[in-house]
Amino acid sequence: MFSGRESEVLVVGDSLVKYLGTSVSGLEFVSLPGKGVEAVSQWVGRHVAPRHKLVIVHVGTNDLAGGVPVHTLYNKLCSLNANLPTGVQLCISGVLRRWESRLPGCWYSLSHAQLVSFNRSVDELNCLLSGSGISVLGHHQRFGCDRRLFARDGLHLSRSGSYYLAQEIENHTERWMVSYFAFLQFLALDCIHSVLAVC
């Protein structure tokens, strides 16, 4: 699912990014519901275009829920860079904890013990990512403290959760753009100085 307009910034992920494009303009959003890091990595490798300068990836919930070990998932997330063309920067959106479902009989509900184990894995993964050297959005801490950011199923985001995540991504993108354009100015000035030195 694609939303937003063509942009230098691509946000791709699982179902949690599905409605983010309604809260933020100027970014390109692609939602791959139910997919894990391997499917997202393959999609990124096939679809990142020359216009993309920053790729923000939000994925991992489905992998952890499917039993992928934390260190295996961490290595797969870190290897996402290998599928990006030279010059494209990667940012990983921290994996979000889950909450108990308020929907009776929900097929993907977790028992209390499973939920505690899942959330420990999420915390461990986010801790590993924060020390990886890859740019990571650390908003996952807020989502672990505020049930209102999630829908009744405890997995998907509420409207306010989607809005908050979209704003966090937009804020990161704005900071990235400032540094990116400063870098381009530096390159341009360096090139001008090199040309003048030759003359």
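Residues numbered from 1 in each chain as written. Predicted model: local features only at pLDDT ≥ 70, side-chain atom pairs only at ≥ 80, totals over all residues. Heavy atoms only, no water.

On to the packing of aromatic side chains. The full count for this structure, using the stated rule, is two aromatic pairs. Look at Phe143 and Phe150: their rings are 5.9 Å apart centre to centre, the planes differ by 85 degrees, and that puts the pair in the edge-to-face class. In this pair, the class of Phe143 matches that of Phe150, namely buried. An aromatic cluster of three or more residues is present, and its members are Phe143, Phe150 and Tyr164. Between the NZ or CZ atom of Arg98 and the centre of the ring of Phe118, over which it lies, the distance is 5.6 Å. Sitting over the ring of Tyr164, Arg142 keeps its end group 4.4 Å from the ring centre. (Phe/Tyr/Trp six-rings, centres within 6.5 Å; stacked < 30°, edge-to-face > 60°. Buried < 20%, exposed > 50% of the residue type's maximum accessible area, 1.4 Å probe, protein only. Lys NZ or Arg CZ within 6 Å of the ring centre and 35° of its normal.)

Two numbers describe how helix α3 (residues 70–78) lies on helix α4 (residues 112–130): the axes approach to 10 Å, and their chain directions differ by 40 degrees. Classified by the interaxial angle, the pair formed by α3 and α4 is oblique. The handedness of the crossing between α3 and α4 is right-handed. Judged by residue contacts, Val70, His71, Leu73, Tyr74 and Leu77 of α3 engage Ser121, Glu124, Leu125, Leu128 and Leu129 from α4. Residues belonging to the contact of α3 with α4 are distributed by class as follows: seven nonpolar, two polar and one charged. (Axes fitted to C-alpha atoms, helices over the stretch in contact; angles between N-to-C directions. Helix = DSSP H or I, 4+ residues; strand = E, 2+ residues; numbered from the N terminus. Parallel < 35°, antiparallel > 145°, perpendicular 65-115°, else oblique. Left-handed = near helix turned anticlockwise from the far one by under 90°. Contact = heavy atoms within 4.5 Å. Nonpolar A, V, L, I, M, F, W, Y, C, P; charged D, E, K, R; others polar.)

Within the fold, Asn126 resides in helix α4. Only 2.8 Å separates the side chain of Asn126 from the backbone oxygen of Val95, close enough to count as a polar contact. Excluding its chain neighbours within four sequence positions, the residues that come into contact with Asn126 are Gly94, Val95 and His140. (Polar contact = N/O pair within 3.5 Å; in protein donor to acceptor, adjacent residues only side chain to side chain.)

Attention shifts here to the environment of Val95. As for its placement among the helices and strands, Val95 is situated in the loop between β5 (89–93) and α4. Between the C-alpha atoms of Val95 and His140, which are 45 residues apart in sequence, the distance is 6.3 Å. If we ignore the near neighbours within four places in the chain, the residues touching Val95 are Val59, Gly60, Thr61, Leu64, Val122, Leu125, Asn126 and His140.

Structural measurements only, silent on function.
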